[in-house]
Amino acid sequence: MYEIADTSCPMKDWKEYADLTVYMALNELLSGKKREAFELYKHLLSLWDGKGFRDKAFRGVYQTYKCALFAYLYRALNEPREGRNIYIVCQKWEMVEL
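Here goes a summary of the coordinates provided. (Residues numbered from 1 in each chain as written. Predicted model: local features only at pLDDT ≥ 70, side-chain atom pairs only at ≥ 80, totals over all residues. Heavy atoms only, no water.)

1. Focus on the environment of L69
- On the secondary structure map, L69 appears in helix α3 (residues 65-76).
- Separated by 16 residues in sequence, L69 and F53 have C-alpha atoms that sit 11 Å apart.
- When neighbours within four sequence positions are excluded, L69 is seen to be in contact with D19, V22 and Y23. (Helix = DSSP H or I, 4+ residues; strand = E, 2+ residues; numbered from the N terminus. Contact = heavy atoms within 4.5 Å.)

Below, the structure is given as structure tokens:
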């Protein structure tokens, strides 16, 4: 089964969403473009407000799955020094029982 993209309305503001930024960074990484993936990772860091990722979808409630996506990308990039503090906070969120 294949998905066919609807190219008639491209999403030009995808970088304003933390999850989409992670997906693109992972795509770049899988394509062997580590520098481009790291640039997207640095952009992702700019969406962090100290409590969570405040992106275009933010409506007063943080979406913890974005922390999980961040942690996955952080590990995929071999745990860069930049963002270590965010990774630590996200790990705490992952351990909270709902």
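2. Observations concerning unusual backbone geometry
- Look at N78: it is not a glycine, yet its phi comes out positive at around 65 degrees.
- With respect to the helices and strands, the residue N78 is situated in the loop between α3 and α4 (84-95).
- Its relative accessible area of 58% is what places N78 among the exposed residues.
- Positive phi is not limited to glycine here, since E79 has a value of about 50 degrees. (Buried < 20%, exposed > 50% of the residue type's maximum accessible area, 1.4 Å probe, protein only.)

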